[in-house]
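# Understanding the architecture of this molecule
What follows is the residue order along each chain.
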Amino acid sequence: MKIKKFKLTPRFREVYNELKQRNIKITPEIETLVQMYDKQISDLLSSSVLFETYETKSSVISEIKKFIEIPKNASLITFIVSTLGVEVEELEKKENEELKNVVLEVLLLEYLDSSLRFVFKILQEQTEENYELSTIFNSPKELISEVFKLINPEKISVSYDNNIFRPKYTSVNYLFWFSNKK
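This report concerns the structure included in the present document. No experiment lies behind these values; they were computed from the predicted model shown.

### A word on the pattern of salt bridges
The full count for this structure, using the stated rule, is 13 salt bridges. Between Asp113 and Arg11 there is a salt bridge, with its nearest N and O atoms 2.8 Å apart. Taken together, the residues span a long stretch of sequence, with Asp113 in helix α4 (residues 98-126) and Arg11 in the loop between β1 (2-4) and α1 (12-21) at a distance of 102 residues. Across the pair Arg117 and Asp113 runs a salt bridge, and its minimum N-O distance is 2.9 Å.

### So, α1
Val15, Tyr16 and Leu19 are the residues of α1 that are buried. In a view along the axis of α1, the buried residues occupy a sector of 95°, so they form one face of it. Exposed residues pointing more than 90 degrees away from the buried face of α1 are listed as Arg13, Lys20 and Gln21. Buried residues along α1 sit against α2 (28-44) and α4. Two residues or fewer past α1, Asn23 is found with a positive phi of approximately 60°.

### Let's talk about the packing of aromatic side chains
The final tally for this structure, using the stated rule, is ten aromatic pairs. Both rings, one in Phe6 and one in Phe118, keep their centres 4.1 Å apart while their planes meet at 5°; by these two values the pair is stacked. Pair noted here: Phe6 is in the loop between β1 and α1 and Phe118 is in helix α4, with a separation of 112 residues, a long-range link. Assessed through its relative accessible area of 25%, Phe118 is described here as partly exposed. When the ring of Tyr160 is compared with that of Phe165, the centres are 4.8 Å apart and the planes differ by 45°; the resulting orientation is tilted. With respect to burial, Tyr160 and Phe165 carry one shared label: buried. Grouping aromatic residues by their ring pairs yields a cluster made of Phe137, Tyr174, Phe176 and Phe178.

### A few points about the packing of α1 against α4
Running from amino to carboxyl end, α1 crosses α4 at an angle of 140°, the nearest separation of the two axes being 10 Å. Considering their axes alone, α1 and α4 lie oblique with respect to each other. The two elements α1 and α4 meet at a crossing, and its hand is right-handed. Every residue of α4 that contacts α1 at Phe12, Glu14, Val15, Glu18 and Leu19 is listed here: Val102, Val103, Val106, Leu107 and Glu110. Residues belonging to the contact of α1 with α4 are distributed by class as follows: seven nonpolar, no polar and three charged.

### So, the packing of α1 against α2
In the contact formed by α1 and α2, the axes pass within 12 Å of each other and the chain directions differ by 130°. It follows that α1 is oblique to α2 by the angle criterion. Like other packed secondary-structure pairs, α1 and α2 cross with a definite hand, here right-handed. For the pair α1 and α2, the contacting residues are Phe12, Val15, Tyr16 and Leu19 in the first and Ile30, Glu31, Val34, Gln35 and Asp38 in the second. Residues of the contact of α1 with α2, tallied by class, amount to six nonpolar, one polar and two charged.

### Looking at the nonpolar core
Of all hydrophobic cores here, the largest spans 37 residues; its most connected members are Leu19, Val34, Ile41, Phe51 and Leu84. Elements with a minimum of two residues in this core: α1, α2, β2 (48-55), β3 (74-83), α4 and β8 (170-179). When residues in this core are grouped by element, the largest group, 13 residues, is from α4.

### Looking at α2
Between its terminal C-alpha atoms α2 stretches 24 Å, which fits the 24 Å expected from 17 residues at 1.5 Å a residue. Restricting attention to buried positions, one finds in α2 the residues Ile30, Leu33, Val34, Tyr37, Asp38 and Ile41. What you see down the axis of α2 is that its buried residues fit within an arc of 140°, all on one side. In α2, the exposed positions angled more than 90 degrees off the buried face are occupied by Pro28, Glu29, Thr32, Lys39 and Asp43. Where α2 is buried, its residues touch α1, α3 (89-94) and α4.

About the criteria used
- Residues numbered from 1 in each chain as written.
- Predicted model: local features only at pLDDT ≥ 70, side-chain atom pairs only at ≥ 80, totals over all residues.
- Heavy atoms only, no water.
- Salt bridge = Lys/Arg side-chain N within 4 Å of Asp/Glu carboxyl O.
- Helix = DSSP H or I, 4+ residues; strand = E, 2+ residues; numbered from the N terminus.
- Buried < 20%, exposed > 50% of the residue type's maximum accessible area, 1.4 Å probe, protein only.
- Arc of directions from axis to C-beta.
- Contact = heavy atoms within 4.5 Å.
- Phe/Tyr/Trp six-rings, centres within 6.5 Å; stacked < 30°, edge-to-face > 60°.
- Axes fitted to C-alpha atoms, helices over the stretch in contact; angles between N-to-C directions.
- Parallel < 35°, antiparallel > 145°, perpendicular 65-115°, else oblique.
- Left-handed = near helix turned anticlockwise from the far one by under 90°.
- Nonpolar A, V, L, I, M, F, W, Y, C, P; charged D, E, K, R; others polar.
- Core = buried A, V, L, I, M, F, W, Y, C linked by side-chain atoms within 4.5 Å.
- Expected span 1.5 Å × (residues − 1).

No statement about biological role is implied by the geometric values presented.
Rendered as structure tokens:
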């Protein structure tokens, strides 16, 4: 399923916690900077996701099994490619001050995480009673090319060459579906 241009909502508490982890003191100036960048990002955001689900026993994902261990009790696996689009990268190119770049990066990564929460919510709504979803996992680099062969992220204008995503703020993830039938 492909979804484009949907609204994302960052969790500012997570943004501030991450900034603290990076030894940035939360001051009124930092809060103002976060709010300013949030407005600019939301104006430029071109969020897109692409996700597809496969049976874990399917031969289509045989190459995938070389890179991740699929739990024996997992019935399905969903692969997710998520991006914020190229427009948000322009903000980064404009900034040459380290502190501003860190604040911007943390906020953009939170937006990317928000897109995964969006997909997770959709999948939960689609989940039948007899299935339970795992948490979302980051794909190892070795797996990304195989996922791209499966779900063709060019549909959302994403590419991956020489271990670099285009657009930069893109992620490839997966999750498992577990049957809870008795």
